[in-house]
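Observations on the model geometry
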Number of protein chains: 2
Amino acid sequence: MRLYGYNLSGNCLKIWWTARHLGKPVEWIETDLLKGEHRTPEFLARNPAGQVPLVEFDDGRMLSQSNAVCLYLAEGSALIPADAFERAQMMQWLFWEQYSHEPALAVARGNIILRGATIETLDPALIQRCNGVLDLMEHELSSRPFFVGNTPTLADLSIVAYTRLCPDAGFRLENWPAVSRWIARVEDSFDLSGP
Amino acid sequence: MRLYGYNLSGNCLKIWWTARHLGKPVEWIETDLLKGEHRTPEFLARNPAGQVPLVEFDDGRMLSQSNAVCLYLAEGSALIPADAFERAQMMQWLFWEQYSHEPALAVARGNIILRGATIETLDPALIQRCNGVLDLMEHELSSRPFFVGNTPTLADLSIVAYTRLCPDAGFRLENWPAVSRWIARVEDSFDLSGP
């Protein structure tokens, strides 16, 4: 399969990590968002939503949305809990990641590394949302090792992506010690290097 | 089970519709966001994220995130495709709904019906995102009856929630005829009345 991804995007890295962890061969096709490579007619023919990541399987079928692709790749693996309620809790965290976590931490980082903002000029309301996200994670991870159960699931792999990148936006992870310890546990469980 | 919901929230209605369609008894507990009833110590003890919808099962377990709850309730039903790739496509649309659709259409409507904006004062960038979402849906639904396959799935039930409410924000659905026909098909498939 081929993964159209941008190397600075945590959403794209999630799929890379999941495929590698599961031993599924994947070819990374760098798609530079700053050059508009996700808006060309060729790309829009593959994904009318004009978003990366996009996966193209060997039979030509396409799938987008990072967490949906990870779920598809990981079906039947230990990354998805066998228990129905634990699986539902994992889904809860995957939707929280896309609805609340990524739009805070990834946007703050993107404003700095891609759009010329500085830590001093970030929108205070956005900083407040980022702190709220990290505080909620600190609360959750103070009482258990991973988001769901005692072993890492896709929820951890998904949420860790932009969490470990948030120092790029000036957030000092040492202020959230349970989150920091959780990141170390996830790094021990997966190879989180890039393509 | 008890559903803490706000009657103006499409996210909360999705769960109500899913539970009713599947014949699962559910008690609606109105939680007025304008009065801050999702920020009380009692509510935050149930859901530290301070968000509705929240479902409390009879054994005391909690689950949040609308699409995660619908997936849990619908497991094993015809609302979730049996085919693995169709299931993945449904997941793709569920994540798209929370990442791209709801933050456009629900926010535009919320700004008008809850936060005092008018159609004239809506942020033009937000209007552009809403039009883009509706255009993408028009493109997809021009060639098939539902988002995935030939029968309605949770993707349709989820996406229809804020789509059929977008006239509240001044969007004229007659401009998107395939979307309008799809809404009618979903309304024929489910009882979409409120609690």
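Residues numbered from 1 in each chain as written. Chains lettered and ligands numbered in written order. Predicted model: local features only at pLDDT ≥ 70, side-chain atom pairs only at ≥ 80, totals over all residues. Heavy atoms only, no water.

Estimates place the volume of the second largest pocket at around 430 Å³. Contributions of two or more residues to the lining of the second largest pocket are made by helix H3 (66-74) and helix H4 (84-113) of chain A together with helix H3 (66-74) and helix H4 (84-113) of chain B. Class assignment for the residues of the lining of the second largest pocket results in 18 nonpolar, 4 polar and 4 charged. (1 Å grid on protein atoms, 1.4 Å probe; cavity = no way out; pocket = protein on both sides within 12 Å on 5 of 7 lines; lining within 4 Å. Points joined across faces, edges and corners; volume = space filled by probe spheres on them. Helix = DSSP H or I, 4+ residues; strand = E, 2+ residues; numbered from the N terminus. Nonpolar A, V, L, I, M, F, W, Y, C, P; charged D, E, K, R; others polar.)

Residues and elements named next belong to chain A. Judged by pairing direction, the sheet is mixed, and its 4 strands sit side by side in the order E2-E1-E3-E4 without closing on themselves. The sheet is open, and its two edges are formed by strand E2 (27-30) and strand E4 (62-64), each paired on a single side. The average undirected angle you get between the axes of adjacent strands in this sheet is 25°. Set on the sheet, helix H1 (residues 10-21) makes contact with strand E1 (2-5), E2 and strand E3 (54-56); between it and E1 the angle comes to about 160°. Along the sheet, H3 makes contact with E3 and E4, crossing E4 at roughly 120°. (Pairing = 2+ DSSP bridges. Axes fitted to C-alpha atoms, helices over the stretch in contact; angles between N-to-C directions. Contact = heavy atoms within 4.5 Å.)

So, on to the confidence of the model for chain A. For chain A, per-residue confidence averages 97 on the pLDDT scale, and 100% of positions sit at 70 or higher. Per the prediction output, this complex has pTM 0.98; the corresponding ipTM is 0.98. (pLDDT = per-residue confidence, 0-100.)

Let's shift gears to helix H5 (residues 124-141) of chain A. Residue and element names in this part refer to chain A. The terminal C-alpha atoms of H5 lie 26 Å apart, and with 18 residues this matches the ideal 26 Å at 1.5 Å per residue to within 8%. Those residues of H5 not exposed but buried are Leu126, Cys130, Val133, Leu134, Leu136, Met137, Glu138, Glu140 and Leu141. On its buried face, H5 is in contact with H4, helix H6 (154-163) and helix H7 (177-189). Where H5 starts, the residue carrying a side-chain oxygen 3.0 Å from the main-chain nitrogen of Ala125 turns out to be Asp123. (Expected span 1.5 Å × (residues − 1). Buried < 20%, exposed > 50% of the residue type's maximum accessible area, 1.4 Å probe, protein only. Polar contact = N/O pair within 3.5 Å; in protein donor to acceptor, adjacent residues only side chain to side chain.)

Turning our attention to the pairing of strand E2 (residues 27-30) of chain B. All names here are of chain B. Across 4 bridges, the pairing between strand E1 (residues 2-5) and E2 is parallel. Counterpart to Leu3 in the pairing with E2 is Trp28. In terms of handedness, the path from E1 via helix H1 (residues 10-21) over to E2 forms a crossover that is right-handed. (Right-handed = clockwise from strand over helix to strand, strands pointing away.)

What follows is about the interface of chain B and chain A. Frequently, the measure chosen for interface size is the accessible area removed from exposure when the parts meet. Taken residue by residue, the interface counts 32 residues in chain B and 32 residues in chain A. Carbon and sulfur atoms supply 66% of the area buried between chain B and chain A, which totals about 2800 Å² over both sides. It is Phe85, Phe95 and Tyr99 of chain B in chain B that bury the most area against chain A; as a group they hold 28% of the surface buried on that side. Remark: the boundary between chain B and chain A carries 2 salt bridges. Note that Glu75 of chain A and Arg87 of chain B form a salt bridge whose closest N and O atoms lie 2.8 Å from each other. Between chain B and chain A we count 8 residue pairs in polar contact (both at pLDDT 80 or more) in total. Within the residue set of the side of chain B that touches chain A, elements represented by two or more residues are strand E4 (62-64), H3, H4 and helix H5 (124-141) of chain B. Element by element, the count of residues in the side of chain B that touches chain A is highest for H4 of chain B, at 15 residues. (Buried area = accessible area lost by both parts, 1.4 Å probe. Salt bridge = Lys/Arg side-chain N within 4 Å of Asp/Glu carboxyl O.)

Glancing now at the relation of the copies chain B and chain A. Rotating chain B by 180° about the axis while translating it 0.0 Å along that axis superimposes it on chain A, leaving an RMSD of 0.0 Å. Taken together, the turn and the small shift mark the pair as related by a two-fold rotation axis. The C-alpha atom lying nearest the rotation axis in chain B is that of Tyr99 of chain B; the distance is 2.9 Å. Mapped onto chain A, 100% of the interface residues of chain B are again interface residues, and the two copies thus contact each other with one and the same surface. (Least-squares fit on C-alpha atoms with pLDDT ≥ 70 in both.)

So, on to the sheet that holds strand E3 (residues 54-56) of chain B. The strands making up a sheet associate through hydrogen bonds between their backbones, and the pairing can be parallel or antiparallel. Residues and elements named next belong to chain B. Ordered by their spatial adjacency, 4 strands build an open sheet running E2-E1-E3-E4, and the pairing between neighbours is mixed. What marks the edges here is a single partner per strand, and that holds for E2 and E4. Between one strand and the next, the sheet's axes are offset by a mean angle of 25°, whatever the strand orientation. Relative to E3, E1 is paired through 3 bridges, and the arrangement is antiparallel.

Let us now look at the nonpolar core. Core analysis: the biggest nonpolar cluster contains 144 residues, and Met91, Met137 and Trp182 of chain A together with Met91, Met137 and Trp182 of chain B have the highest contact counts within it. Discounting residues that sit within four places of it in the chain, Trp182 of chain B has contacts with Met137, Leu141, Pro145, Phe146, Phe147, Asp156, Ile159, Val160 and Thr163 of chain B. (Core = buried A, V, L, I, M, F, W, Y, C linked by side-chain atoms within 4.5 Å.)

The subject of this paragraph is the packing of aromatic side chains. Summed over all chains, the structure comprises 17 aromatic pairs over all chains. Here the aromatic rings of Phe147 of chain A and Trp182 of chain A are separated by 5.4 Å at their centres, their planes lie at 90°, and the arrangement is edge-to-face. Pair noted here: Phe147 of chain A is in the loop between H5 and H6 and Trp182 of chain A is in helix H7, with a separation of 35 residues, a long-range link. Judged by its relative accessible area of 2%, Phe147 of chain A falls in the buried class. Measuring from centroid to centroid gives 5.5 Å for Phe57 of chain B and Tyr72 of chain B, while their planes differ by 80°, and the two rings are edge-to-face. Separated by 15 residues along the polypeptide, Phe57 of chain B in the loop between E3 and E4 and Tyr72 of chain B in helix H3 bring together distant segments of the chain. For Phe57 of chain B, a relative accessible area of 14% gives the class buried. An aromatic cluster of three or more residues is present, and its members are Trp93, Trp96, Phe147 and Trp182 of chain A. Over the face of the ring belonging to Phe146 of chain A we find Arg185 of chain A, whose NZ or CZ atom lies 6.0 Å from the ring centre. A cation sits over an aromatic face here: Arg61 of chain B above Phe85 of chain A, 3.9 Å from the ring centre. (Phe/Tyr/Trp six-rings, centres within 6.5 Å; stacked < 30°, edge-to-face > 60°. Lys NZ or Arg CZ within 6 Å of the ring centre and 35° of its normal.)

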